[in-house]
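An overview of the molecular structure
For reference, the chains in residue letters:
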Amino acid sequence: MKSGFIGVIGKANAGKSTLINVLVGEKVAIVSPKPQTTRDAIMGVLTKEDYQLVFVDTPGIYRAKNRLSDMMMKTTETAAKDVDFVLFVHDGHAGLSEDDIALIKRYADGKIPMAVAYTKIDIMPKENILSDIKQLYDNGVSCDVFPVSARRYKNIAKLEAFLAERMPEGDRVITEDIVSDKSEKFMVSELMREKILLKFGQEIPHGVAISINVFEKKDNGVYDVNLDIICEKPNHKAIIIGKQGKALKEVASFARRDMEKLLGSKVFLTTYVKVKEDWRNRPNLLKDFGYND
């Protein structure tokens, strides 16, 4: 039996969460086209007869602009040190810059073994793949590089087999039959945030937090979910609610469907929008919303 922890790191919007969801076979992390979708270190567990891979999804590497993003970067740095293997995810479709090479080399030069998952090859010219990989090797990156497409499941099985082979010998590190370390309550709040990320513009989603007031399963099997959508400015609140509440009703409806799929039961969802100015820089509010140092 082989088992171990794999820290999945890389720039924001490189496709880390999507890749983990595909490898695990279930949705354990929310995804959106926007940077900083992942705010916490989230474990996704893949257990097979001969091996167990525990993926640690981390916030995308991003220049800190507030206390929250600074905490997120600390989470990523910690995860990169406390694992058995590092899987650096690079968005191949975005090209390969000198900064990308320097960042990859920074993690590849560490004490923990590493490989690169070169993602999104289904939406880029094939000739760029070999050119970029050659450029990595020419610049001293000597670790294995796997061109993959999570959406098309291309080379995913090869990557999984490689990672399994690189794990240390030992019993399961996660003994229970679970696919994630996060609770249903956490995932419900993340699904709400995911729909806001997908619905609204660039700045509003980054300033949004979800606070669960009630998460309870009734005797009839229906889940009662009452939550607050926290934003930073009154005009953001107006946009989220929309004319006659239309925008909020729409995003809540989308979220409720995914919540019901997650929980396997009907969900009665109540949502409120509240303003907490500059909450991303206020330690007491960060703690209240589940973001702890």
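What you see is a predicted model; the values in this text were computed from it and never measured.

This brings us to the side chain of Glu194. Along the polypeptide, Glu194 turns up in helix H6 (residues 184-199). Classification of Glu194 as buried rests on a relative accessible area of 2%. Within polar-contact distance, the side chain of Glu194 engages the side chain of Lys27 at 2.8 Å.

Moving on, we come to the packing of helix H8 (residues 234-241) against helix H9 (residues 246-263). Interaxial distance between H8 and H9 falls to 5 Å at its minimum, and their mutual angle equals 65 degrees. By the angle between their axes, H8 is roughly perpendicular relative to H9. Of H9, the residues touching H8 (which contributes Ile239, Ile240 and Ile241) are Lys246, Ala247 and Leu248. Split into classes, the residues belonging to the contact of H8 with H9 amount to 5 nonpolar, no polar and 1 charged.

Time to look at the pattern of salt bridges. Under the definition given, this model contains 16 salt bridges. For Glu160, the salt bridge identified is with Lys48, shortest N-O distance 2.8 Å. Pair noted here: Glu160 is in helix H5 (residues 156-166) and Lys48 is in the loop between strand E2 (42-47) and strand E3 (51-57), with a separation of 112 residues, a long-range link. Overall, the relative accessible area of 36% leaves Lys48 in the partly exposed class. Each of Lys27, Glu194, Lys195 and Asp258 takes part in one network of salt bridges that share partners.

A few words on the side chain of Asp224. Looking at where Asp224 falls in the secondary structure, it is placed in strand E8 (residues 223-231). No salt bridge is formed by the buried Asp224, whose closest oppositely charged neighbour, Lys218, lies at an N-O distance of 4.1 Å. When sequence neighbours within four positions are dropped, the list of residues in contact with Asp224 reads Val214, Phe215, Glu216, Lys218 and Phe268.

Strand order in the open sheet formed by 3 strands is E7-E8-E9, and the pairing between neighbours is mixed. With one partner strand each, in any of the chains shown, strand E7 (209-217) and strand E9 (267-275) form the two edges of the open sheet. Along the sheet, successive strands turn relative to each other by an average axial angle of 15 degrees, direction set aside. Strands in contact with H9 are E7, E8 and E9; relative to E9, the strand with the most contacts, it is inclined by about 135 degrees.

With that settled, consider the environment of Val173. On the secondary structure map, Val173 appears in the loop between H5 and H6. Assessed through its relative accessible area of 34%, Val173 is described here as partly exposed. Measuring from C-alpha to C-alpha, the distance between Val173 and Gln52 comes to 7.6 Å, with 121 residues separating the pair along the chain. Aside from chain neighbours lying at most four places away, what touches Val173 is Ser3, Gly4, Phe5, Gln52 and Val54.

Strand E1 (residues 2-9) sits mainly inside the fold: 7 of its 8 residues count as buried. In this structure, E1 lies alongside E3, joined through 7 bridges in parallel fashion. If you follow Lys2 over to E3, its bridge partner there is Tyr51.

A few words now on the sheet that holds E3. Strand order in the open sheet made by the 6 strands is E2-E3-E1-E4-E5-E6, with mixed pairing throughout. The sheet terminates laterally at E2 and strand E6 (144-147), the two strands that pair on one side only. Each adjacent strand pair in this sheet contributes to an overall mean axis angle of 25 degrees, direction not counted. Packed on one face of the sheet, helix H1 (residues 16-24) meets E1, E2, E3, strand E4 (85-91) and strand E5 (114-119) and runs near 160 degrees to E3.

Right, let's get into the nonpolar core. Within soluble globular proteins, side chains that are nonpolar generally end up buried alongside one another. By size, the foremost hydrophobic cluster in this structure holds 26 residues, and its most contacted members are Ile6, Leu19, Leu53, Phe55, Leu87, Leu159 and Leu163. For this core, the secondary structure elements donating two or more residues are E1, H1, E3, E4, E5 and H5. The element best represented in this core is H5, accounting for 5 residues. With residues up to four places along the chain from it excluded, the contact list for Phe55 reads Ile6, Val8, Ile20, Leu23, Val24, Ile42, Met43, Gly44, Leu46 and Leu163.

Cut-offs used in this document
- Residues numbered from 1 in each chain as written.
- Predicted model: local features only at pLDDT ≥ 70, side-chain atom pairs only at ≥ 80, totals over all residues.
- Heavy atoms only, no water.
- Helix = DSSP H or I, 4+ residues; strand = E, 2+ residues; numbered from the N terminus.
- Buried < 20%, exposed > 50% of the residue type's maximum accessible area, 1.4 Å probe, protein only.
- Polar contact = N/O pair within 3.5 Å; in protein donor to acceptor, adjacent residues only side chain to side chain.
- Axes fitted to C-alpha atoms, helices over the stretch in contact; angles between N-to-C directions.
- Parallel < 35°, antiparallel > 145°, perpendicular 65-115°, else oblique.
- Contact = heavy atoms within 4.5 Å.
- Nonpolar A, V, L, I, M, F, W, Y, C, P; charged D, E, K, R; others polar.
- Salt bridge = Lys/Arg side-chain N within 4 Å of Asp/Glu carboxyl O.
- Lys, Arg positive; Asp, Glu negative; His and termini not counted.
- Pairing = 2+ DSSP bridges.
- Core = buried A, V, L, I, M, F, W, Y, C linked by side-chain atoms within 4.5 Å.

From the geometry alone we can't say anything about function, so treat these as descriptive.
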